[in-house]
Amino acid sequence: MKIGVVGKGGVGKTTISSMVCASYARRGRRVIAVDTDSNPNLGISLGLSVEQTEALQVLPRSVIVGERGDLTVDELIDDYGAPTPLGPTVMSALRVTEAAAGCTCGGHATVRSLLGEAMEQHADITLIDMEAGIEHLSRSGGTLAHADVLLMVMEATVKSVITAARTIALADELGIPHCVGVGNKARLPEDRAVFEQLCEEYEVPLLAIVPHDAGVVDADRGGHALSPDAGGPAWAEIDRLLDHVDQLLGSNAPA
Ligand SMILES: Nc1ncnc2c1ncn2[C@@H]1O[C@H](COP(=O)(O)OP(=O)(O)OP(=O)(O)O)[C@@H](O)[C@H]1O
Ligand SMILES: [Mg+2]
């Protein structure tokens, strides 16, 4: 299953990505988590130290992944993947290490190629934590063109729901089969009605509403992992989200 996590800046893409990855790992799935932020920190939420996250080798740009390409998936995972304490293997795709070094198109091409591979032998879940915005859908070929589902993370604001609505239109053109809305940072119960009303108005299917969680704030403050051991309503909602996604894609969980 190939999942893209998308949305407006700051809505919680990295937070939701790490919680989804950690929860799938807890369910016994093999997870590859790809951070496409030019300023990456998904690794920290999955339990790597700041130093380990900084030390991740950035995926080479513009490579064709696959048996007949530049690098096999195995080589890519061995050379660029880092196992994390919460279980998923994390990779960094688009880190910017030099000022004025040019665009990141080559990095996007690598991610697109990786998603185009049949990953069954390597991972049950490949998740891409996408950079903010919708440009990745308009790039040549579309970075996420091979995704099975996009999780469109939103806050309870018109702007972030409109971003999701625009995402659906572009994803449709690329042939991505499923786009689902994930409300985040909800101050319940008031924000539930806001999400429901905005999503109805802009025709965004709303699959989950993840509450604002003090544990997430604390973990980010200290640069710590977001562990399912913390429990609480946000994790319970992520669990429900995974059930919905599995149902949507007819995916088989291992026994
Ligand atoms: N459910 C939540 N409860 C409380 N705080 C949250 C929640 N989700 C995200 N946050 C906070 O919101 C901020 C932005 O989250 P995050 O970095 O995940 O967003 P993002 O969409 O990945 O941002 P960017 O566009 O910069 O990549 C962080 O400070 C994070 O701690
Ligand atoms: Mg992010």
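Criteria and thresholds
Residues numbered from 1 in each chain as written. Chains lettered and ligands numbered in written order. Predicted model: local features only at pLDDT ≥ 70, side-chain atom pairs only at ≥ 80, totals over all residues. Heavy atoms only, no water. Buried < 20%, exposed > 50% of the residue type's maximum accessible area, 1.4 Å probe, protein only. Helix = DSSP H or I, 4+ residues; strand = E, 2+ residues; numbered from the N terminus. Pairing = 2+ DSSP bridges. Polar contact = N/O pair within 3.5 Å; in protein donor to acceptor, adjacent residues only side chain to side chain. Contact = heavy atoms within 4.5 Å. Near = heavy atom within 4 Å. Areas by Shrake-Rupley, 256 points an atom, 1.4 Å probe, with all protein chains shown as cover. 1 Å grid on protein atoms, 1.4 Å probe; cavity = no way out; pocket = protein on both sides within 12 Å on 5 of 7 lines; lining within 4 Å. Sits in = over half its atoms within 2 Å of the grid points. Nonpolar A, V, L, I, M, F, W, Y, C, P; charged D, E, K, R; others polar.

Novice: Quick one: what's the story with the pairing of strand S2 (residues 31-35), residue by residue and with numbers?
Specialist: The element S2 is extensively covered by neighbouring structure, given that five of its five residues are classed as buried. Where S2 lies against strand S5 (residues 125-129), five bridges are found, and the strand directions are parallel. Within the sheet, the bridge partner assigned to Val-31 lies in S5 and is Ile-125.

Novice: Got a sec to walk through the side chain of Thr-84? Specific residues and values, please.
Specialist: Within the secondary structure layout, Thr-84 lies in the loop between strand S3 (82-83) and strand S4 (89-92). Within polar-contact distance, the side chain of Thr-84 engages the backbone oxygen of Pro-88 at 2.7 Å. Excluding its chain neighbours within four sequence positions, the residues that come into contact with Thr-84 are Leu-46, Leu-48 and Val-90.

Novice: Outline the site of ligand 1, listing residues and values.
Specialist: Not every one of the 17 residues close to ligand 1 is listed here, only the nearest: Lys-13, Thr-14, Thr-15, Asp-213 and Asp-220. Between Gly-10 and ligand 1, the recorded distance is 2.9 Å, taken from a backbone N or O atom to an oxygen atom. Val-11 is positioned with one of its backbone polar atoms (N or O) 3.2 Å from an oxygen atom of ligand 1. If ligand 1 stood free it would expose 630 Å²; the protein chains cover 77% of that surface. Applying the majority rule of atoms within 2 Å of the grid points places ligand 1 in the largest pocket. At the level of secondary structure, the elements contributing two or more residues to the shell around ligand 1 comprise helix H1 (13-26), strand S7 (178-186) and helix H9 (214-222). Tallied by class, residues from the shell around ligand 1 come to five nonpolar, seven polar and five charged.

That's the geometry; what it means functionally is another story.
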